[in-house]
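A look at the structure
These are the residues of each chain, in order.
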Amino acid sequence: MKKSRRHFIRQTALAGAGIAASNIAWTAQSYNRIIGANDRVRVGVIGFSDRHRSSHLPCFMNHYKELNFDLVAVSDIWKRRREEGAAIWKEKMGHDIIACRNNEELYDKKLADAVFISTADFQHALHAIEAVQAGCDAYVEKPFAETMEDNRAALKAIKASGRIVQIGSQRRSGTNYQSAADFIKSGKFGPITMVELTWNVNQPGRWRRPELVPLLKEEDTDWKRFLLNRPFESFDARKYLEFRLFWPYSSGQPGQWMSHQIDTVHWFSGLQHPRSVVANGGIYMWKDGRRNWDTTTAVFDYGPENDPGSGFQVTFSSRMHNGDEHPAEIYYSNGGELNLITNKVSPTGGLTKKAADEMHLQPNLLPEMSLTQTEQVVASANTGGDQLTSNHIRNWMECIRSRKQPNAPVEAGYSHAIATIMTNAAVHTGLKATFDPVTQEVMAGDKVFKY
């Protein structure tokens, strides 16, 4: 390559026309990219990760024949995973898969029209930039970005490109979540007054890879390419494979779990980011050398920037030492609750007649109702994968053909990344974190948060 990796990253972050100007060309670019029904869409894999193997692969298999897609190439900088990925996909697709040592090799050979991106958390935004600048559509796992520098650069590049980018916020393709969004946006729920988000597990091995770590040798991968724009530190197989436990490669609980749930807050409310966040927690149980907390509670203030007197509170609580992994999202109004554990709207906690009469008010009780749970049709030869992700990948594949915007466009990723970065800023500084809409920076106290 004529230019170094770091030079490329700096250039992509700085290059490109403004978002407003790029939108002018977007319609024509998208029109020219419409793929005919008889044209097979070639898909590549950027990072043969556990997430890709366990979820993307079976979900893609549910739909690829019906929608005329093909999987043609795998890029992974670790030799073991590169070869493993090519072999597994060859078995699934019944033809040879091209194994690429890095992403440039895949893009330079013009092997793919679209790519799955499921690399380390901090790499998603920069790998999305690479993909769209190479002319590829992309399915980009969450969290979309872990720093505002990467978040802004990726938003700008994707908006300028006209490519179809689906963020891996698969709740947006669930019919129960879609019904919840419609109900709240209709006004029937009333103003949101509180949201409780929880995600608890009891798994000392969650995000650990103790059997795989000894197998990773520095000579079998490209450590500098892995680091991208993060500060240099010596090779560490744990940080490579168990990145979710180590900042600045991942924020851990906020990026992995909260990003899913906080996305529904933005979707349902129409607000793009919190006004402020505070957080508390620590490593209370699993003292295994990790940097990221095993217990987190974050409290958010949401509402219009120009009306601090209105809004609502959101809490996110997560622990990794007690729980059965049944994530909970409960929305409250004065009339009751919308519960995405039970998928029901109810008058629970609403203003009763007795309490209202005492203050000469009208009672306010929501009706009992169930959220729609009808699943979308999937290919008859269902090969696995969770239903939400299967729906979400199908939506992306359909939008690649139609050139319509997918259920979770780049703006959704940009917004959940802001909330994630704000939470991480509060975690690492102990200060209240805010977002400056003018500079598009996350502030911890009066200082810009970087790492």
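The structure reproduced in this document is the subject of the present report. (Residues numbered from 1 in each chain as written. Predicted model: local features only at pLDDT ≥ 70, side-chain atom pairs only at ≥ 80, totals over all residues. Heavy atoms only, no water.)

1. A short note on unusual backbone geometry
Residue K142 is joined to P143 through a cis peptide bond whose omega torsion reads -5°. Within the secondary structure, P143 sits in the loop between strand 5 (137–140) and helix 7 (148–161). Residue P248 is bonded to the preceding W247 through a cis peptide linkage, with omega at 15°. Structurally, P248 can be placed in the loop between helix 10 (237–241) and helix 11 (253–269). Its identity is not glycine, yet L228 carries a phi of approximately 50°, on the positive side. Counting through the fold element by element, L228 comes out in the loop between helix 9 (223–227) and helix 10. By relative accessible area, L228 is classed as buried at 0%. (Helix = DSSP H or I, 4+ residues; strand = E, 2+ residues; numbered from the N terminus. Buried < 20%, exposed > 50% of the residue type's maximum accessible area, 1.4 Å probe, protein only.)

2. Thoughts on the packing of aromatic side chains
All chains considered together, the criterion is met by 23 aromatic pairs. Ring centres of W247 and Y451 lie 6.5 Å apart, and the angle between their planes is 50°; this geometry places the pair in the tilted category. Residue W247 is located in the loop between helix 10 and helix 11, and its partner Y451 is located in the segment after strand 17 (447–448); the two are separated by 204 residues in the primary sequence. Note on Y451: relative accessible area 40%, which makes it partly exposed. Among the aromatic side chains, those forming a connected cluster through ring pairs are F60, Y64, F69, W89, F116, Y139 and W396. (Phe/Tyr/Trp six-rings, centres within 6.5 Å; stacked < 30°, edge-to-face > 60°.)

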